[in-house]
Each structure stands twice: as C-alpha cells, then as structure tokens.
Amino acid sequence: MIRDPKDLKRYEPKERANHWVVGISFILLALSGLAFFHPAFFPLTQLFGGPTWARIIHPYLGVLMALSFLALYFRFAHLNKMTPVDKEWLGKVGQMVNGDDHNMPEQGKYNGGQKVMFWAMAICMLLMAVSGLLIWRAWFGFDITLVRLGAVVHAAAGAVMIGLIFVHVYAAIWVKGTIRAMWYGTVTRAWAKQHHRGWYRQMTGK
Amino acid sequence: MALQSLDIKQRSATTTPSPSERQTVEVAKLIDTTRCIGCKACQVACMEWNDIRDEIGSVNGTYNNPTDLTSSSWTVMRFYEKENSSPFDLEWLIRKDGCMHCADPGCLKACPAPGAIVQYANGIVDFHQENCIGCGYCITGCPFNVPRISKKDSKAYKCTLCSDRVAVGMEPACVKTCPTGAIMFGSKEQMTEQAEHRIGELKGRGHGKAGLYDPAGVGGTHVMYVLKDADDPTQIGLPASPTISALVSVWKGFAKPLATLAMAGVALGSLFHYVTKGPNEVSKEIEDEIEKEDAQ
C-alpha cells in the first residue's frame, strides 16, 4: 500500500489497529451515552437494539474503550511530553487556526495542540472509567453519594470528551494528507516537512 | 396501569407537555405513626392487591421482616427501639416505609427513559415498567431510598399508591386494611386538616413536639406522616429535610441543554472554520523542494 517508497512511516499496523478499536468503541459509546444524556438523543438507542440493550451494552463498550485506550496511552505517552517549544506553539495557535503557519515553531512528531489533546483525552478517559464503574448497577452498588457524584462526572466528562473528539477529527480533516496515516500508516515527506519539521529531519536525516 | 392517561402532570425524559386535559383532585395518604401497632396488615394487603410475593428471607432478630424494601415488597414496617435518658424508658417506634410520592419527584427528574416514570395530576408518582430500561437512575434521584431494581427483570419497582384503585375511586389497599385507622386516604387538603386535628389532640395529651411530616424540600409529599416527635424525624429513619441532591439537579438540570449546545457549537464551528478558512494543505513551495531533492 505504499504509493511512494519514500513516504514516511508514521504508524505501525498494531498502533493503527489499537487506535481504531478506541475510535470504534468511542463512537458507539458516544451514540449510546448521548441517548441517556438528554431526551432529544433517546432515539439513538434504536441503533443498539432498543433502550434496554443500549443500557446493557454501553458499560461493556466502556470497558473495551478504557482498556484499549490504556494500551494506546502506553504506546504514545512518551511522545507527548510537553516542551518549551510546545508552549511557544500553543501561544501562537491563533495564527495557525487563522490559516497562517509561517510563524509556527518547528515541531516534532506531535505539536503542542496534539499533546494537549492527548493529555486531555487521558484525563477524560480516567474520569469516565472511574465514574462509569460507580454508576454500573448491574455489577456494583456503591454509596449513593458516590453514585450521584459519578453520574455528574460521567455526564460532564463525556460531554467534554465528545467536544475534544470533534476537534481531533476536524483537525485531521482540516490538515490535508493526515487521515491516510490513520488508514495505512504513511505520510508524504512534504506533509512531514510542512507540519512536523523536527520529525521530518529525524526521519530523513536532512 | 395507565388508566389515568389524560391527567398526566409530568412524564420522565419528555420535554413537551403530557396529556393533561383532565384535572383531578390532589390526593394524599396520611400515616399516623402514633396509632400504628406494627401488625403488618398493610404489607400483606399490598402483596395481595398487587399480587406479588417476595422471597422468603431470614429473621434478623428484630421485627423488621422483610428487612428492607425490595422489588416485590413495596412497603415494609420499620421498627426502632429508642432508649430515652431516664432508665427503663424504652420507646418502640414503628413506621410504614414506602414511596413518599413527592410533588417534585427526584426519580422522575433523573430517569432517562421517556414515560418510564409519570406523575398524575392527583400527585401519584407511578413507574411504568414496560418503558423502564433498568439503569437505576431513579435510585440516584430519590431522596428517600425507595426504588428497587428487580433481580429477575432489572426493572425498577416501588409503591404505586394503588394508582389503579385510586383511578376507579377506591382507597389504596393498605388504607383499606389498616385495623387501627392509622393509614388514611383522601384529598391532600382533607388529609392535612385531619393531621392538624390529630396533632392538636396529641399536643393536648402532652406530646408537645407532635407534627406533620410533609417536607417542603421536595415540594411536599403525597404520603404524609403524623409524628409524635416531629422535631427529629431521623429517629424513625426519615431524612430531616429531604431535597433532590444538588448533584442530581446539576446533572439533570440546566447543564445538559447547555452541554448539548456547546457540543453542537464545536461541530458547527469546525464546519464553518473549514468553509471560511479553507483546508490546511501542504504548500507548493515545500512540494517543489521535495521534487527538486528527488530529481538530484
């Protein structure tokens, strides 16, 4: 599947598969979770075989997402350490969003925005997993105050996470030539030089 | 169960008005704890009328039997032994526990399933198990720890205040059977008057702290108690000032519509960003540089 042998390998097959497991479970969780979030979304339960099935399936999907995200976390956490350059990048993010990346500092494999996304997702995942267990009545029966707190945290972290994923997906659509990295793992050298010059140098030695 | 289909005041997870053309009198059950002898006839009548049988449990050394509300025991007598300061002064307090039928029901507020919980114009809060999804949010919302999820079918159950009997002009089964007249039923107004009369009597007999339990924190209830010591309802297991937990109000109140708008805002914002700013493509300049490198 390599169109140009000089394309740069950004993701290994197992990394891509891992990302897709997280992605699919997230989409199913968001659809079933929104159904219980507000009545306007309740018809989404029909996608899962009805409202009771949606209630039964949702937490098991949650376990799948939590475990697969944990694997993803260990794969990528070391690449997401914040550096002073990332902070500079974040300071100038307004220009980037405005469509001008000329003043942006050189970035490694991930830019400051991607790193913030990574850590924000990690925190939300942790909150979702813990609060989700608190309100999973099929298996657990925690103290009522903890369950109430769990319900609020679960709803709030879920809403934040859906917002973050919108940004994550849009960023991939906006930056042309990105999505192929998720499908088959490679990007063009031009893409890497433009968006992640530090990583480009590291990969090509130029 | 939905005999009262035209007089629904509130319906769970429903944002438009429910059928409410018919107006009915607000009802209430008044439980006079000072006249209760703990015979459990109400428990039996409840089982009989609703035709439900709990599993046979074990005796835990007290009169509490069953020891707690369950999905098939919608009312239980709770016995409390209160030792007073003077020696040999032991009080045996008894309360019939069950759904309080709050005017502002926390269960209904928390429920995500449309129509699984309804409140009729007469004030009765009823669960419609055919719409229940078994999430247990009603338990999370209830300030009185009343709903129970069935181990058999994972649906939530509780006292219906015999909504089926009340709909056809009868009193609840527990009221009908109570041998001492400790459980009374009528309009909320009548029951409040009745309670005042009884409280006056009790005060006249030296029970200065007698009073009515109709907690304002949940908008009042459609099951009220006459208490001998109304200053401390906790001694018979009632919360002193029950309200829907602030956590539940935030969770099910203003936050969700706002969060929904915010999520929609992010999605639409992204779309319009693309439309107004255009895609972030690799510049021609860099593509040319790479091409030049390859040509060398």
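The rules behind the values
Residues numbered from 1 in each chain as written. Chains lettered and ligands numbered in written order. Predicted model: local features only at pLDDT ≥ 70, side-chain atom pairs only at ≥ 80, totals over all residues. Helix = DSSP H or I, 4+ residues; strand = E, 2+ residues; numbered from the N terminus. Buried ≥ 20, exposed ≤ 12 C-beta atoms within 10 Å, placed from the backbone. Contact = placed C-beta atoms within 7 Å. Domains from an automatic or database assignment. Core = buried A, V, L, I, M, F, W, Y, C linked by C-beta atoms within 7 Å. Pairing = 2+ DSSP bridges. Axes fitted to C-alpha atoms, helices over the stretch in contact; angles between N-to-C directions. Expected span 1.5 Å × (residues − 1).

**Remarks on the overall build of chain A**
Alright, step 1. Regarding its fold elements, chain A presents nine helices and two strands.
Alright, step 2. Helices (α) and strands (β) of chain A occur, in sequence order from the N terminus, as β-α-α-α-α-α-α-α-β-α-α.
Alright, step 3. By its C-alpha atoms, chain A is 60 × 40 × 30 Å across when sized along the principal axes.
Alright, step 4. The buried share among the 206 residues of chain A stands at 30%.
Alright, step 5. Of the contacts made within chain A by residues no fewer than 6 positions apart, 62% connect residues no fewer than 24 positions apart.

**Thoughts on the interface of chain B and chain A**
By a frequent convention, interface size equals the accessible area lost on bringing the separate parts together.
Alright, step 1. Across the contact, 36 residues belong to chain B and 33 residues belong to chain A.
Alright, step 2. In terms of residues, the side of chain B that touches chain A owes the most to one element, helix H8 (residues 255-277) of chain B, which gives 10 residues.

**Some thoughts on the domain arrangement of chain B**
Alright, step 1. If you check the domain split of chain B, you get domain 1 (8-250) and domain 2 (254-295).
Alright, step 2. Look at where the C-alpha atoms of domain 1 of chain B and domain 2 of chain B centre, and you get two points 56 Å apart.

**Details of the nonpolar core**
Alright, step 1. In this structure, Cys111, Ile117 and Cys138 of chain B are the most contacted members of the largest nonpolar core, which totals 99 residues.
Alright, step 2. The element best represented in this core is helix H6 (residues 144-174) of chain A, accounting for eight residues.
Alright, step 3. Isoleucine 117 of chain B has contacts with Ser12, Cys107, Leu108, Cys111, Val125, Phe127 and Cys138 of chain B, leaving out every residue within four places of it along the chain.
Alright, step 4. Formed by 10 residues, the second largest nonpolar core is a distinct cluster that contains Ala181, Val187 and Trp199 of chain A together with Ile290 of chain B.

**Describing the pairing of strand E5 (residues 117-120) of chain B**
Residue and element names in this part refer to chain B.
Alright, step 1. Along E5, one buried face is formed by Ile117 and Gln119 and the opposite face, lined by Val118 and Tyr120, is buried too.
Alright, step 2. Where strand E1 (residues 8-11) and E5 come together, three bridges link them in antiparallel fashion. By the bridge assignment for E5, arginine 11 is matched with valine 118.
Alright, step 3. When E5 meets strand E6 (residues 125-127), the two strands line up antiparallel, connected through three bridges. Paired with valine 118 across the two strands is aspartate 126, which belongs to E6.
Alright, step 4. Hairpin geometry of E5 and E6 is characterised by an intervening segment of four residues between the two adjacent antiparallel strands and by a positive phi of about 100° at glycine 123.

**What to know about the sheet that holds E5 of chain B**
Residue and element names in this part refer to chain B.
Alright, step 1. Taken in spatial order, the three strands line up as E1-E5-E6 in an open sheet, and their pairing is antiparallel. Looking at the sheet topology across the chains shown, the edges are occupied by E1 and E6. Direction aside, neighbouring strands of the sheet carry axes that sit 25° apart on average.

**What about the pairing of strand E2 (residues 27-32) of chain B?**
Residues and elements named next belong to chain B.
Alright, step 1. Among the six residues of E2, six are classified as buried, and the element is accordingly described as predominantly covered.
Alright, step 2. Burial along E2 is two-sided: the face carrying Val27, Lys29 and Ile31 and the face carrying Ala28, Leu30 and Asp32 are both buried.
Alright, step 3. Direction of pairing for E2 relative to strand E9 (residues 183-187): antiparallel, over a ladder of five bridges. Directly across from lysine 29, in E9, lies its bridge partner phenylalanine 185.
Alright, step 4. Two elements, E2 and strand E11 (residues 223-227), share four bridges in a ladder whose sense is parallel.

**Describing helix H9 (residues 284-295) of chain B**
Alright, step 1. With 12 residues, H9 of chain B extends 16 Å from end C-alpha to end C-alpha; this agrees with the ideal 16 Å at 1.5 Å per step.
Alright, step 2. Sparse coverage of H9 of chain B is indicated by the burial of one of its 12 residues.

**Describing unusual backbone geometry**
All names here are of chain B.
Alright, step 1. Residues asparagine 65 and proline 66 are joined by a peptide bond in cis, for which omega reads -5°.
Alright, step 2. Looking at the element boundaries, proline 66 is found in the loop between helix H1 (41-50) and strand E3 (76-83).
Alright, step 3. Positive phi, close to 50°, is recorded for alanine 13, a residue that is not glycine.
Alright, step 4. Its location among the elements puts alanine 13 in the loop between E1 and E2.

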